[in-house]
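Observations on chain architecture
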Amino acid sequence: MTTTNIAIPAPAAVPAVRVDRLRDLRDWNRLVIATVARGVIATILGMALWAVAPAVIGWHPTTVMTGSMEPRLQPGDVVVSKPVAPTSLHLGQVLLYDDPDQPGELRLHRFHEAGEDGQIITKGDANPQADSTPITRSAVHGVGFIRVPYIGMPVMWLRDGEWKKVAILVLALTAMAFLSTIDAPLRRGPVVAATDDDEAGEGLPDDVDDLLIPVLVDEDEDDDADVPSGAPAAQGREGRRRLPARLFALIVGSAVVLAAVGTGLLLPSKAEAAPFGAMTSTSASFGAASSFSCLGRTVTYSPTIDYAFNAASGTSETDLGSSGTTATLSSGVTRVAGTCGSSPYVTLDGATGQVTSTSTTKITAPSVFTVEAWIRTSTAAGKVIGFGNSQTGSSSAYDRQLYINSAGAVSFSVYNSGNITLTSTKTVTDGRWHHVVGTMSSSGMVLYVDGVSVATNTNTAAEPDSGWWRIGYDNLSGWQNAPTSNYYKGDLDDVAVYNSALSAAQVSALYSAGR
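Residues numbered from 1 in each chain as written. Predicted model: local features only at pLDDT ≥ 70, side-chain atom pairs only at ≥ 80, totals over all residues. Heavy atoms only, no water.

**A few points about the overall build of the chain**
Looking only at helices and strands, one finds seven helices and 26 strands in the chain. Considering the chain as a whole, with its 515 residues, one finds that 43% of them fall into the buried category. Long-range pairs, those at least 24 residues apart, make up 70% of the contacts in the chain between residues at least 6 apart in sequence. Within the structure as shown, the chain displays about 24600 Å² of accessible surface, and the carbon and sulfur contribution to it stands at 57%. (Helix = DSSP H or I, 4+ residues; strand = E, 2+ residues; numbered from the N terminus. Buried < 20%, exposed > 50% of the residue type's maximum accessible area, 1.4 Å probe, protein only. Contact = heavy atoms within 4.5 Å. Areas by Shrake-Rupley, 256 points an atom, 1.4 Å probe, with all protein chains shown as cover.)

This is the structure in structure tokens:
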């Protein structure tokens, strides 16, 4: 049997330059698609690692299953809680603890206030009221430290029987794994297969060479007599080279699917962020970053000045408000690192510590305004924030201020043909975090403590002046129950000024959002 090659006339030859350009375009497309696919896979695996790895050192990864901690925590987020001593628990922390209302379940809520006999009263950020059952400190497993967004969504889908979403995820991840290998021939380099017919097809594109096909003319001749030796060999090598790539894609795809879908299954627990109470529909926005966002509050209600004290080090403080007025931390001010349950803050020593504006330009004191701060102190002394006509040192004109009076209560005061002061009925020098806010508008003055109005009056004006906002220190001489020291001593966080009077609902929302 004899086999011979018959050349089928080809269409007009395709210019070699055009063929090369098309081939380059195809190769670049493969490279870009594969690189993006590998990036997606690496991101998913990295997030899965952040969610699971801390369990090795005794931390507690948990999947948030409900929305009562929105907008800070979304259903499907994984929160890793760090074990802490019961004596280290304090107001504002996000706690993982045994659910007192559902035995065998866990709950992830915020430390809202201290109860009787050392108990803790908790509350979901999105719930209008505190949880009805207090917990003991021994029931707490840890404090929220790391948040990995959305990586636990497959757990929720499995719980709710949403198999279609699970199947789509598996198919999508498998497709990503396959796409990550399509540039394998480019990374190995070109394949050169020598054939006996190279000269016959010289100068023609590969697709034209393929038009040379064997024709059977004699069944009795040796099947391999005149078959080009190079072509089958090349095909065999190409087939052998493609097989490992496909196997690699299958292995990677399986690994990614198991990691992404199984992450939640491997997690030791699920945190029900309270199965009761109203829930907000507010959603958080997450951007790509080298580290996962912590639970720092979102800037809302358009403050003109907002110092969150979130920097890891340094004496310069960035203003998150619209004025962009950078501040300087003096000696006596120490930064304290934070966690997802307790954001970073600063400690003032009560002797020299203060925060001052770096701008040398005076601003006009607002006639309608809000001053806000989170404080934690055990000392009845010092100005928290106020307006003064001196950038540093002691001002000669000063009002629009929050300060801790000699009795340990918080006072909010302005000057309008005399000192006008509102004071809380309860003290705030109990060593716990408190949210203090003062507002003035055409409706009068209001003092809020921990989201609740505690004092009001009908005064609508303050002394017209120009100067700077002062934090942690300034003159208090002549004011009602002025403390013996003008320096605030204690912890300070989220100090803000608004050129508007926040409503009671807005103040309550800021308090509920926490630090």
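This is not the end of the story, as more comes after the structure.
**Some remarks on the nonpolar core**
Counting residues in hydrophobic clusters, the biggest one holds 37 residues, and the most contacted among them are Ile375, Val384, Ile385, Leu402 and Leu492. Per-element accounting of this core gives the leading share, four residues, to strand β17 (residues 369-376). Discounting chain neighbours no more than four positions away, the residues touching Val384 are Ala373, Ile375, Leu402, Tyr403, Ile404, Arg470, Ile471, Gly472, Tyr488 and Leu492. Formed by 13 residues, the second largest nonpolar core is a distinct cluster that contains Leu89, Leu91, Leu95 and Ile135. (Core = buried A, V, L, I, M, F, W, Y, C linked by side-chain atoms within 4.5 Å.)

**Section: unusual backbone geometry**
When glycine is set aside, most residues are seen to have a negative phi, and most peptide bonds are trans. Here Tyr301, not a glycine, exhibits a phi torsion of approximately 65°, which is positive. Mapped onto the elements, Tyr301 comes out in the loop between β9 (269-272) and β10 (305-307). Accessibility expressed as a relative area gives 32% for Tyr301, which makes it partly exposed. Its identity as a non-glycine residue notwithstanding, Ser302 has a phi of 55°, on the positive side. Relative to the assigned elements, Ser302 resides in the loop between β9 and β10.

**Quick word on the pattern of salt bridges**
Overall, the coordinates contain eight salt bridges when judged by the stated rule. Ionic pairing is found between Arg107 and Asp99, a salt bridge with its closest N-O pair at 2.7 Å. On the basis of relative accessible area, Arg107 is assigned to the buried category, the value being 0%. Residue classification places Asp99 among the buried positions, given a relative accessible area of 4%. Here Arg376 makes a salt bridge to Asp491, at a shortest N to O gap of 2.9 Å. Linking Arg376 in strand β17 with Asp491 in strand β26 (residues 489-498), this pair joins segments that are 115 residues apart in sequence. Considered together, Arg376 and Asp491 belong to a single accessibility category, that of buried residues. (Salt bridge = Lys/Arg side-chain N within 4 Å of Asp/Glu carboxyl O.)

**Overview of the pairing of β17**
The buried fraction of β17 is high, at eight of eight residues. By the alternation rule, side chains of β17 split into Phe369, Val371, Ala373 and Ile375 and Thr370, Glu372, Trp374 and Arg376, which are all buried. With six bridges connecting them, β17 and β26 associate as antiparallel partners. Paired with Val371 across the bridge in β26 is Val497. (Pairing = 2+ DSSP bridges.)

**Observations concerning helix α7 (residues 504-513)**
Taken as a whole, α7 has its buried residues at Val507, Leu510 and Tyr511. One side of α7 carries all its buried residues, which in axial view fall inside an arc of 100°. Looking at the buried residues of α7, the elements they touch are β5 (106-114), β17, β22 (434-441), β23 (444-449) and β26. Directly after α7, the chain includes Gly514, whose backbone phi takes a positive value near 75°. (Arc of directions from axis to C-beta.)

**Things to note about the side chain of His112**
Inspection of the secondary structure puts His112 in strand β5. Given the relative accessible area of 17%, His112 is considered buried. Setting aside its immediate chain neighbours within four residues, His112 contacts Leu91, Ile121, Thr122, Lys123, Ala130 and Tyr511.

**Comments concerning the packing of aromatic side chains**
In this description, a pair of aromatic rings is defined by centroid distance and the angle of the planes. Scanning all chains against the criterion turns up eight aromatic pairs. Ring geometry for Tyr473 and Tyr487: centres 4.2 Å apart, planes at 20°, overall stacked. Taken together, the residues span a long stretch of sequence, with Tyr473 in the loop between β25 (466-471) and β26 and Tyr487 in the loop between β25 and β26 at a distance of 14 residues. The class of Tyr473 is buried, set by a relative accessible area of 11%. (Phe/Tyr/Trp six-rings, centres within 6.5 Å; stacked < 30°, edge-to-face > 60°.)

**Looking at the pairing of strand β21 (residues 419-427)**
Across six bridges, the pairing between strand β20 (residues 409-415) and β21 is antiparallel. Across the sheet, residue Ala409 finds its bridge partner in β21, namely Thr427. Counting the residues in the hairpin turn of β20 and β21 gives three residues, including Ser417, whose phi is positive at 60°.

**Re helix α3 (residues 163-179)**
Side chains that are three or four residues apart share a direction in an α-helix, a result of its 3.6 residues per turn. Helix length check: α3 (17 residues) gives 24 Å between terminal C-alpha atoms against 24 Å at 1.5 Å per residue, within 8%. Three or more residues of α3 are buried, namely Val166, Leu169, Leu173 and Ala177. For α3, the angular spread of buried residues about the axis comes to 70°, placing them on one side. Opposite its buried face, α3 presents the exposed residues Lys164, Ile168 and Leu171, each directed more than 90 degrees away. (Expected span 1.5 Å × (residues − 1).)

**Digging into the confidence of the model for the chain**
Mean pLDDT over the chain stands at 77; residues scoring 70 or higher make up 73%. Confidence drops under a pLDDT of 50 for residues 193-241, and excluding neighbours within four residues, the segment shows 56 contacts in the predicted structure. The model gives residues 263-268 a pLDDT under 50, and that stretch makes 13 contacts with residues more than four places away or in other chains. (pLDDT = per-residue confidence, 0-100.)

**Remarks on the environment of Leu402**
Inspection of the secondary structure puts Leu402 in strand β19 (residues 398-404). Spatially, the C-alpha atom of Leu402 lies 9.6 Å from that of Ile471, the residues being 69 residues apart in sequence.

**Section: a nonpolar patch on the surface**
A surface patch of nonpolar side chains, amounting to about 330 Å² of accessible area, comprises Trp28, Val32 and Val36. Take Val36: it is sitting in helix α1 (residues 16-52). With relative accessibility at 49%, the residue Val36 sits in the partly exposed group. (Patch = residues over 30% accessible without salt bridge, like charges linked within 9 Å, V, L, I, M, F, W, Y side chains within 5 Å.)

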